[in-house]
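# Structure assessment
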Amino acid sequence: MFTQTLLYDAILYVYALSLLFYFSDFINASRKAKRIGAGLLIFVWVLQTTYVTVRTVSHFQLTPVSTFEYWLWFSWLLVTVSLVISRFFKIDYIVFFVNVIGFAVLALNLYSSTNSGQSPELWKTTRELLYVHISLVLCAYAVLTIGALFAGMYLFLHSRLKSKQWTKSVRRLPSLEMMERYMDRAVIVGVPLLAMSVAIAAVSLIVEGRAALLLDLKVLTSVATLAMFIAFVYQRAAQGRPGPQMAWLYIASFMMLLINLLSNYVSRFH
């Protein structure tokens, strides 16, 4: 049982890492990121196939197939279909979104596997996922804050160059292209982490019977922050907005992130 738990955790973490690389390809059309994401996804498929086989065989010997096994098979099928699409049809966006759903199903299943068991086991699982949620959101905050610094420096340098003010501080700054690139990288890492942390928090509230807290100010501002950064991604990838506009949009998104942080003082969520 302990080995199966470690294997399930490994699947989730490798799956999350695969999504990060696919998200990088989603924004910048990076062939290297796509190859790494595909390789990690194949590894996820191997681990998941092993886990599904062991779990299903052991349950056939003891009890009928449970809801947990049904969702495992569903998630495994999503990964399998996404690999087939990636190999034969080359529809990259579908592969990314299918695997976002697959990851969400696995995270939800981690709760449902203990929901029918004893309360100490449910409490332990809830606590472990709370640690995961906190770790993800703190990493997201840190990365997105760094990106906001680059966005601020971009706007500062752009205004100085536009007005032809060549000062010592201007000369010490990186180029606009470099700051724009690092701003994008912060979004590539931070947005998936934030999305996964919000998904885990929402699932935990629903499973624990505290769905009313989904209307809590902390949850609402988290969703609004995520929506604004997703708008940034869309404007960047699909619309091709110029750098200054993207920097201002990043700053606006980061302001919403600050509001989300300040909402801790009036929130009932934590």
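My aim in this report is to walk through the structure given alongside it, one point at a time. (Residues numbered from 1 in each chain as written. Predicted model: local features only at pLDDT ≥ 70, side-chain atom pairs only at ≥ 80, totals over all residues. Heavy atoms only, no water.)

### Concerning the overall build of the protein chain
Test applied: Numbering of helices and strands starts at the N terminus; helices are DSSP runs of H or I of at least 4 residues and strands are runs of E of at least 2. Each residue gets one of three labels from its accessible area relative to the maximum for its type: buried under 20%, exposed over 50%, partly exposed in between, using a 1.4 Å probe on protein chains only. Contacts are residue-level and defined by heavy atoms, with any inter-residue pair within 4.5 Å sufficient.
Secondary structure assignment for the protein chain yields 9 helices and 0 strands. Mapped in sequence order, the helices and strands of the protein chain form the string α-α-α-α-α-α-α-α-α. Across the 270 residues in the protein chain, those meeting the buried criterion constitute 42%. Sequence-distant contacts in the protein chain: of pairs separated by 6 or more residues, those separated by 24 or more amount to 74%.

### Describing the packing of helix α8 (residues 217-239) against helix α9 (residues 243-262)
For clarity, the cut-off: To obtain an axis, a line is fitted to C-alpha atoms, over the contacting stretch when the element is a helix, and the angle between two such axes runs from 0 to 180 degrees between their N-to-C directions. Roughly parallel here means an angle under 35 degrees, roughly antiparallel means over 145, roughly perpendicular means 65 to 115, and every remaining angle is called oblique. Throughout, a crossing is termed right-handed when the near helix is turned clockwise from the far one, and left-handed when it is turned anticlockwise from it by less than a right angle. Any residue that is not Ala, Val, Leu, Ile, Met, Phe, Trp, Tyr, Cys, Pro, Asp, Glu, Lys or Arg is counted as polar, Gly included; the first ten are nonpolar and the last four charged.
α9 packs onto α8 with a crossing angle of 170° between their chain directions and a minimal axis gap of 8 Å. The angle between the axes of α8 and α9 places the two elements in the roughly antiparallel class. When the axes of α8 and α9 are compared, the crossing they make is left-handed. In this structure, α8 contributes Lys218, Thr221, Ser222, Ala224, Thr225, Met228, Phe229, Ala231, Phe232, Gln235 and Arg236 to the contact, and α9 contributes Met246, Leu249, Tyr250, Ala252, Ser253, Phe254, Met256, Leu257, Ile259, Asn260 and Leu261. Here the contact of α8 with α9 is built from residues that sort into 14 nonpolar, 6 polar and 2 charged.

### Notes on a nonpolar patch on the surface
So the rule is basically this: Nonpolar side chains (Val, Leu, Ile, Met, Phe, Trp, Tyr) within 5 Å and like charges within 9 Å form the patches, drawn only from residues with over 30% relative accessible area and no salt bridge. Residue-level accessible areas treat just the shown protein chains as cover; the underlying method is Shrake-Rupley with a 1.4 Å probe. Salt bridge, as used here, is a side-chain nitrogen of Lys or Arg placed within 4 Å of a carboxyl oxygen of Asp or Glu.
On the surface, Leu217, Leu262, Tyr265 and Val266 cluster together into a nonpolar patch covering about 490 Å² of accessible area. For Tyr265, the position within the fold is in the segment after α9. Looking at Tyr265, the relative accessible area reads 73%, which means it is exposed.

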